[in-house]
Every structure is written in structure tokens, then in C-alpha cells.
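Residue-level structure breakdown
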Protein chains: 2
Amino acid sequence: MKSFDKDKLKRIIDAAAGRIPADIVIKNSRIIDVYNCSIIDNKDIAIIDGVIAGIGEYDGKEVVDANGAYASPGFIDGHIHIESSYVTPEEMGRLVTPHGTTTIIADPHEIVNVAGLDGMKYMIDAAEHTKLDIKYMLPSCVPATPFEHSGAVINADDMKKIIDNEHILGLGEFMNFVGVAAGDDMVLDKLVTAKNAGKLIDGHSPGLSGKDLNAYIAAGIHDDHECETVEDALNRVAGGMYVMLREGSACHNLRTLLKAVTNDNDRRFILCSDDRQPKTILELGHLDNHLSICVEEGIDALHAIRMASLNAAECFGLNDRGAIAPGLRADIVLIKDLKSFEATQVYIGGEKVAEDGKYLFDVERTDMSSMTGSFKVKNFSADRLKLNLSSNKVKVIDIMPGGVVTGSGMAEITLDDNGDFVYDSGQDIVKIAVVERHHGTGDVGVGLLRGYGIKHGAIAVSIAHDSHNIITVGTNDSDIELAVNELIRQQGGIILVRDGRVIDSMPFIVGGIMTDKSGEWVNEHLSHIHESAFSELGISGDVEPVMTLCFMSLPVIPSLKLTDMGLFDVDKFEFTSVEAD
Amino acid sequence: MKSFDKDKLKRIIDAAAGRIPADIVIKNSRIIDVYNCSIIDNKDIAIIDGVIAGIGEYDGKEVVDANGAYASPGFIDGHIHIESSYVTPEEMGRLVTPHGTTTIIADPHEIVNVAGLDGMKYMIDAAEHTKLDIKYMLPSCVPATPFEHSGAVINADDMKKIIDNEHILGLGEFMNFVGVAAGDDMVLDKLVTAKNAGKLIDGHSPGLSGKDLNAYIAAGIHDDHECETVEDALNRVAGGMYVMLREGSACHNLRTLLKAVTNDNDRRFILCSDDRQPKTILELGHLDNHLSICVEEGIDALHAIRMASLNAAECFGLNDRGAIAPGLRADIVLIKDLKSFEATQVYIGGEKVAEDGKYLFDVERTDMSSMTGSFKVKNFSADRLKLNLSSNKVKVIDIMPGGVVTGSGMAEITLDDNGDFVYDSGQDIVKIAVVERHHGTGDVGVGLLRGYGIKHGAIAVSIAHDSHNIITVGTNDSDIELAVNELIRQQGGIILVRDGRVIDSMPFIVGGIMTDKSGEWVNEHLSHIHESAFSELGISGDVEPVMTLCFMSLPVIPSLKLTDMGLFDVDKFEFTSVEAD
């Protein structure tokens, strides 16, 4: 625990009282008071030592003319996975701060599944290298399921080693809501660990209701970002949860859930992204986009800003921020209007960090050596892709475009003399494999995928929720083998192979799931990867070539999935054979 | 820090999920959801291990039929001085819980001024003997001023010894707002002590505004109960303070301040009493009375209840209460209607503690031996009351009926040969003395009082804000001497003397400021004291005989006051002579 600085407190009081000049005085702004939901005109904001000293008439060493812009408290994203943007925390800071975001609550579930507590420490270190204030939730469910090999296992004893870290606010989304509602012993150990440390526990309980929801809340789960309906949201608010209104790249719950927000309950709602890809940030923005949608949907602009600031600060016990008021961090956004919420200047801790859409600092990264070179794959070759089937009636994973749910289908395929699958261009069925890559277990799961449309070559990715093994799909074993080996060589990411040649690739050297490049790089290269996937590999235009694969090994989403341990029937919650029963 | 109980958590989850029966199920109530501000009908409240497991359809070992009553979260008083009721914490619990109060935030400023940290410890121990949940703020300003001798001095180092106590939420009202706004060094030490301990700091800043208010808030002062105007309240809310709406025995700010409360800002308001005498509690109730007034003034009943529950819980970081929701303490009030707010049953921590206006337990008190027998008065006799004046033109303390402010008047009096005051029944001027009683310093301050009306004998009290020395007033030195000596003998309280005989008395053996008797005893005896004061001593009917004296030695309230150290000119903030200048 940092000791509170008496001299600093004295300076803040002196500046507030006007006895000493402020460091910065912002004049000519329309100050948004999120406590009263009103606008304060004709007053200055005095900042000293990174803190707001007072609102009134002040002198300062530096005077900022806001030119009549609104001065809003900085925006807070209540739940985001940085890794889902494929960039590191430093770059995330560069991307979102120009949009008025000053704090994010990040759940590094992906990198911790890859690298365990080393991943957590890397993310904390990386956060020190951006002006964006990043608070973390310690991932609660690593691995997400026992049906795949992740890079790490985090149990309650592991949590105790790091839960007291000042950058960690609590446990990340408790996806094992079944285990919570059942009162599973290992779950209880984790919950108690968080509670004993005085920390929060984020929720994740899609569709949960009634007594199971009661049990989940009674266990101490504090918020939820997985509401799909107004009823979901109101039930959770009534139970005392904060409800997060999510607008990400994949999930768009905001417009629907805003219908649950009233003047009576709006202090229990906050805004979040969950996943926000660079493309989305570059084209639509971040929480400024959420706020615009709120206003479009009829929410009062100041109430919307309150959801993005004070409510989030209260939700996470961040008593040092959330409003423009004496003694709080000077996290301030100057915004042009209350419709676009476009930021002209962004201050974090009293420092101007972004102006007119640009981050004002170079991106300097922390040492990422602990996150690189971590691929450990044993004995992989095309031989490991052989299926040895006794029947040509098989189960296939059916892609259902536009989502992450898959169907569990049946097909009759052609077998060779050894019982292996033979590709038939008339069927749109290909091999899919998941290659364990963390511990060199040598595990390879092989199955069959229908509806991906691929007609040539192979694709391989190391973004494979939530354990992030290697997922690969191809029309022939040889191209699959090359794709996997080249992916390992480039330390992960995405790779496209055709006819024995790499035709496109994106290396993600940070844990195999993030790049050390920029958001623009991600956006451009991913766009190019998509084009190559469609034009060169012939992948169907109605599927997202990469994202579709990324969720193929997540054995909690219906109905048929493939992990490094084999084909998994999610509906029956057990492994199954490729041969039809 | 208590370790969180895993087995208990398991039972709560199991009860919430309906796998095991609850301890108590409340059926047939209209549940008040303070998060959405709505009513939940046709659902049960399941309680186990003192905690609300869930709201739904439940079975329990005991079933309570609420008969259609509203089920409200228990009421929380955000700021109260128990000592001002003249009863101990155990009795306070008996008095207020039947009115739906389940938690109070008490500031034992008076007893700590008398007995220092021993007084704080006594109050904490006493709180363990009532079902009412009493949280404390550690008095911040002991002594309140350097112009009188209190029983104790509490500096930052003293605070460090006890601030981490789990029953202490922070520092009590920081009355030295001038010192805070000025950034005084000793004040800073206290503020930093609280902040380092992660504790809150209550405010007290009557009339403060502008930059001084900014400085006070920037210092970390968290709330205020001293607003007199709507503007005061809105300014403090805008500054990020919680504003307490006070309705006590002496101060009545509620109706006025409710005009500041809107649907946009009402989450920043809470209810408090500050001082609530037994008479007021017995006749009008406690927070149920506040709620009735809120509704009379047009506040929605559920919003009013939210101020009395969730808002207060949030204000004080009491995350375990404030609503009827899974996982929270079962602090529940069944109320007949949303106009009188009359409680039919009151549950605290899942235990029924009051029913139909009656507390259901005997009052058992903690050991109070550390608080008794503490009077140390040196060399007191009638001789010490002599004035040795060189002029008959004197300053007199002018009583201004109906308040605690006094005037600073002039008079011409009769002197004897030694320059001592001679009582003249035609003038309504009498001697007033303040006798130091904590350390045996032998200090006695003597002055002259006009407008009290006393015509016979003397009165003495040991309730003397904030240092609680002995204040006495009389027409003759002999009766004053007897009153003081008899007051010491009975260990404080109130005493009336006439013609060399005690005619009425109320002993307050607990630190000289509280009784070990009941609230009813206080009410009846105080009423009798008042009658005796009017009929036997001839005290003027337009002054409150006891309360008027209690504030005579508080040297921060204008304009002329008397402490054990002498006559004090509050306007000039310095001691002064009885002789006119």
C-alpha cells in the first residue's frame, strides 16, 4: 500500500484555496457535473499534481482555453479483453485514449490462459508504459474447461500470490457460473480468496435466472456484462449487480439493453466493450461510440456520461475518479458536442495525453521476452492428421455463419484404404485439427468441418479461445502441416498456405495472441488476410475466415467443438468419436 | 481482518439455489427493490445465517407471514451522536430499532472529549450489547478548540492506535474546517492517518463555500450534514460530497433541503439525526419520521427509502447491506404503509429484534466502570466564584432564546466592597461558572449571564459541549457551590438547588454525560427537571433550561461564551475580561 503523501495533500489544499497557482487551469469549458447531472458554466477547472483542486476562478501556470467545449470526466470501460484487439496494452492506450477513454478494467483472460501468472505480470508491466490507466481483474477460470490443455492452471493458491497487487481489482468474469451456483469446492476457494483480499468478482452468467442467479449473486458476484434481454438486465439490477451495457466488435447488446435503463435505476449501469478490435476502434471509436448510441436511443447525454464515468468508478470502488470534483484525479475529456462525443483533448492524471484524435506520445513497450518464443509442440507432422475411421458415416462440425455456435451434423465421406478422410471438392467438408502448443504434450485433435468453403490450401491460427492452442483447417494434410510448422516458426498468429507456399501471414509474437505492431497494422493486415482467404483459399464469403476458427475449440459453446484432446459434444458435455454413433 | 467463512458461503449458495432450506422465509410481503425503485410482489425472501439468500419461491425452517406489509431494507442513520440522547449505545438500540433503524453511524465526539480513547473503546464494547449495528467514526477534533480543557487530546498518533479497528469507518465530522481549508499541519497529519488506513472522513462545514469549500473537499472530506440551504446542498453534491439531510431534536434541515433533491441527484443524499433526544424518538420516531417528512414533501417513497438504505450504505462503503438482495445482510423492516413507515417487524442480521414498536430483548450493558467516577475537581468552593471587578460596567452573555448563539451585551451591575457581583432580582443577571472537572486543574471560569430568568437557587450540568466541564448558574454563591459539589457527588448530569437543598437531579454516571437508565427515564426526569426549573428556580419559560446551558461553553459559536479558562469573545476569537473595555 502506498503511503499517502502529506506534502501533496497540502499542495492540493493550497491550490484549491487559491493560495498557490494551479499547474493547469482549464478555462471556458462547460463542466459536466455527473452528481447533479447538470452543466457548470463560467468556471475554471484547476489542476495540480494530477488532481483536480477546485472548480471556480483560478490562476495557473498553464492556461488551457477549452473554446466552449464540454468538460467531461474521463470515460471508463468496465470490461475489456485487450488481447481480443490483438495488440498489447501500450498500443491499446494509444488507440482508445483519443476517444476519451481514461481508464479500462481489463481482464487478461487470454494471455493468462497462455502464460499463467507470468502473463498477468507482463500485462501489469505493460500497463505502466501507457498513459491510459489500466486496472486488471485476475482471470478466474484458467483453464476455462478441463477439456483442453491450456498454457496454465490458476487455482486459489496461485491467486493468493498476486491478488493483493494494487493493479488488480479482483477476479475476472466468473465464467464457471454452473460451478458457482453449485457451490463447487474449488470455486469456493477462489471466491473466498478474493473476498479475504477485499477484492471484487466480475460476473459472466448468460441466461442465468431464478434461484441459480440468486446463488450466483449470493456468492458475491458483483456485475455482469452478458445480459441479452431487458429482463436479464432488470433481474440482475434487482439482485444488486451492476449491469454492463456491452458494445463490442462481436457482441452488440447496448441498444437492446438501454430499454432497461430508467431514471430510477440508471446508476446501476455501466458501459463496456468486452472485445473491441482495432478496425472497430479506428472506424467507430470506443466509449464515445457507446455514448452516441445511448443518445440515439433516447438516453439523456449527461446520464449516459455518468454511466461511463461515475457509475463505473463506483462499481469498481475507484473512489479517486469518476467526476470532475475537488480531490479527484484530473481525468478529463474535452468534447465538442453531446451527440458525437468527439474528444478534442484528453487529460489523464492531469497530463494531456491526446488531442484531436491523436495520442501525444510514442508507444514504448515493456520487455516482452517472457511472452515470446513459448511454442512447445511435440512430434507434429502430417502423420498426426490421419483419421483411422471404421465407417464413412461421420460427425461434422457445421459452421453457422454470423456466430460462434456450431451445429453437430452428419455426413457420408470418402475414405482411403487406411480409413482416412479423402477431400471431395463437391462436399465442402475438410479436416480441422487442434494442436497442443503449450507443454509439448503431443496432443492433436482431428475432426471434420463443414461450411467453411475452403477450396485450396490451409489456414492456421494460434488464437483459439480460451486455451489458445493451434487451430488449423485445410484441404490437404501437406498444406496443413506447412501451415502449422510455419505458424510455430513465426511464434503464432495467423498463416495462410496454398500449394506448399505461405501466401499470407500475421505473426503474433506476444504469447501467440498479440502483435508488437500497431492497431493500424492489425487492421490492414487482417483485412489483407481476409482477402487472401477468400480469393486464394476460396473460403466462403459468408464466414469471417479467422474469427470463425478462433472459437472452434471452445468446448462450452454448443454444439460440436474440437479441442487438442478430441472432438467434444458440448450438448452432452463429453468427448465423442468422429465416427457417427 | 476476519477471514471469510467458506462453509457459510457454501450454505448461503446452497440455500439460494434451493438445495437446503432457509432459516427463515418471509412470505406475502411487497419487497422494495431500491436498485430499480420498484416493488416485487409474490416472492419470498429466504434468509440463512443472517444473510439474504434469495428472492423467489423458497422453503424455510421458519415461515413469517408478512400479511402484505412492505419489506424494506433496514434504515441507516448516517450521523448521530448517541451521547446527545443521554443514553448509552445499548439503550439507543432499544429505542431506535422498533422504528426500523438497523444501522447507525455514530460519532462519539462527546464521550471521547471526556474520556479519550477509553471512551471510544467503551462505546465499541457497548455496541456489542445491542442488536442495532453501530458503526463509529473516530472523533476528529478532540478538543474542539484549544480554549478549554477537555478530558482528552486526540492527535494523529493517538488515532493511529485505533483507526484500524473494524468498527471504525473513519474520522468523525471535521469541525475544524478552517484548519482543513488552511492546510494546518496537525490537521494534515490526521487526514493522512485516515487516508492511509483507507478510512473515510466526515464533514462539518456550515456556510463554507467557494474556494474554501473546494479546499475542504479536496482534502478528502467525504460528506456533510451541516447544510442549511438548497444552495449549500447542491454545491456540496456537485463537489462530490454526500449530503446528509438532518432532522434531529435541535436542528431541522430536512424539509428545506429536500428541495435540493431531484431524480437526477438523489443518490447523493442520505438521512441523519445528528442529535435525537429520547423525547423526540418516543414521540416522533427515528428515520421513519424522516421518511414520512420526505413523502409529505413530495419525494417518492421508494426514493426516500433508498436514501435511508442503499445511499447510506454506499456512502460509508458498507457493501454488505442497503438493499434486499442475495448475499446482503438480512436487515429488513416490514412496514405497514409508505406514509407512516410504521414498522411491524424489524430484522437485523436475520434476527427479529423488534415487533409492533417493542424491542424484543432485555437491555444488557457492557461494563461501564471505566466511564464512572471520573470527576477530578480541585479546590472548588464558593470562594472560587468571587469576581474581583474594578468597574461595575461589565460584559454579559446575552441569551438569545431558541438557539445556541449568544449575544455579547453590556450592563451596569452592583458590586460589593470586594468588587464582587451582587445579585439584583430586578436585573435578570446572574453568575455563570465553568468548573474544570477532568484533570483537577482547579480552573474555574466565572462570568455573568443575562436573560436566563433564574430567580432562586442554582443549576449545574456536566453536559457542556464539547469539553463537558461543569456549567453552573445561580443567584447566590452558596447554592452554586452546593450544586457543583452535589453534581460531582452524583457523578454528573443535572442538578437543581434552592435554599441549600437539592430539589431535583438526574445523575449521568457514564462519563458525566449519559445515564445507565432508559430513554423513558430520561424523558420523564428531564420533563420534571424542566418543571422544577420553571416553578422552583423561576427560570424563564422561553428558554430551554438545560440545553441553553449545555452550549454556553462552546467557544466556536458566537458571540460571547465562557470556558473553564475564562470569558471568550468568539467574534475576536480571544479571551476577554468581564469588565467592559
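Residues numbered from 1 in each chain as written. Chains lettered and ligands numbered in written order. Predicted model: local features only at pLDDT ≥ 70, side-chain atom pairs only at ≥ 80, totals over all residues. Heavy atoms only, no water.

Our next topic: the overall build of chain A. A tally of regular secondary structure across chain A gives 15 helices and 32 strands. Dimensions of chain A, computed from C-alpha atoms along their principal axes, come out at roughly 90 × 50 × 45 Å. Per-residue burial for chain A yields a buried fraction of 63% across its 581 residues. Once local pairs closer than 6 in sequence are excluded, the contacts in chain A between residues at least 24 apart make up 68%. (Helix = DSSP H or I, 4+ residues; strand = E, 2+ residues; numbered from the N terminus. Buried < 20%, exposed > 50% of the residue type's maximum accessible area, 1.4 Å probe, protein only. Contact = heavy atoms within 4.5 Å.)

Here we come to the sheet that holds strand S30 (residues 560-563) of chain B. Residue and element names in this part refer to chain B. Across the sheet, which stays open at both edges, the three strands sit in the order S30-S31-S32 with antiparallel pairing between neighbours. In this open sheet, the two edge strands, each paired with only one partner strand, are S30 and strand S32 (574-575). Taken together, the two bridges between strand S31 (residues 566-569) and S32 define a ladder with antiparallel strand orientation. What sits directly across from Phe-568, in S32, is Phe-575. (Pairing = 2+ DSSP bridges.)

With an omega of 0°, the peptide bond between Val-142 of chain A and Pro-143 of chain A qualifies as cis. Residue Ser-559 of chain B follows Pro-558 of chain B across a cis peptide bond; omega there is 0°. On the secondary structure map, Ser-559 of chain B appears in the loop between helix H16 (545-550) and S30. Although it is not a glycine, Cys-37 of chain A adopts a positive phi angle of roughly 55°.

A few words on the environment of Ala-126 of chain A. Residues and elements named next belong to chain A. Topologically, Ala-126 is positioned in helix H3 (residues 109-127). Remark: the alpha-carbon pair of Ala-126 and Gly-493, spanning 367 residues in sequence, is separated by 20 Å. Ignoring anything within four residues of it in the chain, the contact list for Ala-126 reads Pro-89, Glu-90 and Thr-366.

With that settled, consider the interface of chain B and chain A. Interface size is often expressed as the accessible area that is lost when the parts come together. Contacts between the two partners involve 58 residues from chain B, matched on the other side by 58 residues from chain A. In total, about 4600 Å² of surface goes out of reach between chain B and chain A, with carbon and sulfur atoms giving 54% of it. The largest contributions to the chain B side of the interface with chain A come from Lys-6, Tyr-35 and Asp-264 of chain B, which together make up 14% of the buried area. Salt-bridge contacts for Arg-268 of chain B lead to Glu-314 of chain A; the nearest nitrogen and oxygen are separated by 3.0 Å. (Buried area = accessible area lost by both parts, 1.4 Å probe. Salt bridge = Lys/Arg side-chain N within 4 Å of Asp/Glu carboxyl O.)

So, about the environment of Glu-536 of chain B. Residues and elements named next belong to chain B. Position of Glu-536 relative to the elements: it lies in the loop between helix H15 (519-535) and H16. Relative accessible area serves as the criterion here: at 31%, Glu-536 is assigned to the partly exposed category. Measuring from C-alpha to C-alpha, the distance between Glu-536 and Gly-457 comes to 8.5 Å, with 79 residues separating the pair along the chain.

A word on the sheet that holds strand S6 (residues 60-65) of chain B. Residue and element names in this part refer to chain B. In space, the four strands of this open sheet follow the order S5-S4-S1-S6, with mixed pairing throughout. Of all the strands in the sheet, just strand S5 (51-56) and S6 have a single pairing partner and so form its edges. Here the strands of the sheet are splayed against their neighbours by 25° on average, with no regard to which way each runs. When strand S4 (residues 44-48) meets S5, the two strands line up antiparallel, connected through five bridges. The residue bridging Ile-48 from the neighbouring strand is Val-51, located in S5. Contacting S4 and S5, helix H1 (residues 6-16) crosses the sheet at an angle of about 15° to S5. (Axes fitted to C-alpha atoms, helices over the stretch in contact; angles between N-to-C directions.)

All names here are of chain B. Helix length check: H15, at 17 residues, gives a terminal C-alpha distance of 24 Å against a target of 24 Å (1.5 Å per residue), a fit within 8%. Taken residue by residue, H15 has Gly-519, Trp-521, Val-522, Leu-526, Ile-529, His-530, Ser-532 and Ala-533 as its buried positions. Around the axis of H15, the buried residues are gathered within 165° of arc, so they sit on the same side. Turned more than 90 degrees away from the buried face of H15 sit Glu-524 and Ser-535, all of them exposed. Buried residues belonging to H15 abut helix H2 (89-96), helix H10 (278-284), strand S28 (493-498), strand S29 (501-507) and H16. (Expected span 1.5 Å × (residues − 1). Arc of directions from axis to C-beta.)

The operation relating the two chain copies consists of a rotation about an axis and a shift along that axis. Once chain B is rotated about the relating axis by 180° and shifted along it by 0.0 Å, it coincides with chain A to within an RMSD of 0.0 Å. The operation mapping one copy onto its partner corresponds to a two-fold rotation axis. The position closest to the rotation axis in chain B is occupied by the C-alpha of Asn-263 of chain B, lying 3.4 Å away. (Least-squares fit on C-alpha atoms with pLDDT ≥ 70 in both.)

All names here are of chain A. In terms of residue burial, strand S17 (residues 343-348) counts as a mostly covered element, since six of its six residues are buried. Bridge analysis of strand S16 (residues 332-335) against S17 gives four bridges, and the strand direction is antiparallel. The residue of S17 that forms the bridge with Ile-332 is Tyr-347. Strand direction decides the pairing type here: S17 and strand S18 (residues 351-355), joined by four bridges, are antiparallel. Looking at the pairing, Tyr-347 lines up with Lys-352 of S18. Turn length for the S17-S18 hairpin, with the two strands adjacent in sequence and antiparallel, is two residues, and the turn residue Gly-349 shows positive phi of about 55°.

If you look at the biggest cluster of nonpolar residues, it comprises 134 residues, and the most contacted ones within it are Tyr-136, Phe-174, Leu-191, Leu-449, Tyr-452 and Ile-494 of chain A. Contact partners of Tyr-136 of chain A, with chain neighbours within four places excluded, come to Ile-82, Pro-89, Ala-106, Pro-108, Met-120, Met-123, Ile-124, Ala-127, His-167, Ile-168, Leu-169 and Gly-170 of chain A. Grouped together as the second largest cluster of nonpolar side chains are 132 residues, Ile-201, Val-430, Ile-432 and Ala-483 of chain B included. (Core = buried A, V, L, I, M, F, W, Y, C linked by side-chain atoms within 4.5 Å.)

Turning our eyes to something else, we now look at the side chain of Glu-247 of chain B. Residue and element names in this part refer to chain B. Take Glu-247: it is sitting in the loop between strand S14 (242-246) and helix H9 (254-257). Although buried, Glu-247 forms no salt bridge, and the nearest oppositely charged side chain, Arg-276, lies 5.5 Å from it. For Glu-247, the side chain forms a polar contact with the main-chain nitrogen of Leu-254, separated by 3.4 Å. (Lys, Arg positive; Asp, Glu negative; His and termini not counted. Polar contact = N/O pair within 3.5 Å; in protein donor to acceptor, adjacent residues only side chain to side chain.)

Right, let's talk about the state of the cysteines for a bit. Put plainly, two cysteines are in a disulfide when a covalent bond ties their sulfur atoms together. Taken as a whole and judged by the stated rule, the model has zero disulfides over all chains. Free of any disulfide, Cys-315 of chain A has its nearest neighbouring cysteine sulfur in Cys-272 of chain A, separated by 10 Å. (Disulfide = S-S within 2.5 Å.)

Residue and element names in this part refer to chain A. Residues Met-400, Val-404 and Val-405 make up a contiguous nonpolar surface patch of about 220 Å² in total accessible area. With respect to the element layout, Met-400 can be found in the loop between strand S20 (393-399) and strand S21 (406-412). What makes Met-400 partly exposed here is its relative accessible area of 42%. (Patch = residues over 30% accessible without salt bridge, like charges linked within 9 Å, V, L, I, M, F, W, Y side chains within 5 Å. Areas by Shrake-Rupley, 256 points an atom, 1.4 Å probe, with all protein chains shown as cover.)

In this section: the confidence of the model for chain A. When the pLDDT values of chain A are averaged, the result is 97; 100% of them are 70 or greater. Prediction confidence for the complex, expressed as pTM and ipTM, is 0.96 and 0.95 respectively. (pLDDT = per-residue confidence, 0-100.)

Residues and elements named next belong to chain A. Locating Ser-462 in the fold gives a position in the loop between strand S26 (458-461) and strand S27 (470-474). Engagement of the side chain of Ser-462 in a polar contact is seen with the backbone oxygen of Gly-512, the distance being 2.6 Å. Those residues in contact with Ser-462, other than ones at most four positions away along the chain, are Phe-375, Arg-437, His-468, Asn-469, Ile-470, Leu-487, Gly-492, Gly-493, Gly-512 and Ile-513.

The subject of this paragraph is helix H7 (residues 210-218) of chain A. Of the residues making up H7 of chain A, those classed as buried are Leu-213, Asn-214, Ala-215, Tyr-216, Ile-217 and Ala-218 of chain A. The inward-facing, buried residues of H7 of chain A contact strand S11 (168-174), helix H5 (177-182), strand S12 (200-203) and helix H8 (230-238) of chain A together with H1 and S5 of chain B.

Below, the discussion takes up the pattern of salt bridges. Using the criterion set out here, one finds 80 salt bridges over all chains in the structure. Connected through shared salt-bridge partners, Asp-133, Lys-135, Asp-320, Arg-321, Arg-329 and Asp-331 of chain A make up one network.

Next up on the list: the packing of aromatic side chains. Summed over all chains, the structure comprises 14 aromatic pairs over all chains. Here the aromatic rings of Phe-147 of chain B and Phe-573 of chain B are separated by 5.2 Å at their centres, their planes lie at 85°, and the arrangement is edge-to-face. Of this pair, Phe-147 of chain B sits in the loop between strand S10 (133-138) and helix H4 (156-162) while Phe-573 of chain B is found in the loop between S31 and S32, placing the two residues 426 residues apart along the sequence. It is Arg-437 of chain A that lies over the ring of Phe-375 of chain A; its NZ or CZ is 4.2 Å from the centre. Just above the ring of Tyr-242 of chain B sits the side chain of Arg-268 of chain B; from NZ or CZ to the centre is 4.1 Å. (Phe/Tyr/Trp six-rings, centres within 6.5 Å; stacked < 30°, edge-to-face > 60°. Lys NZ or Arg CZ within 6 Å of the ring centre and 35° of its normal.)

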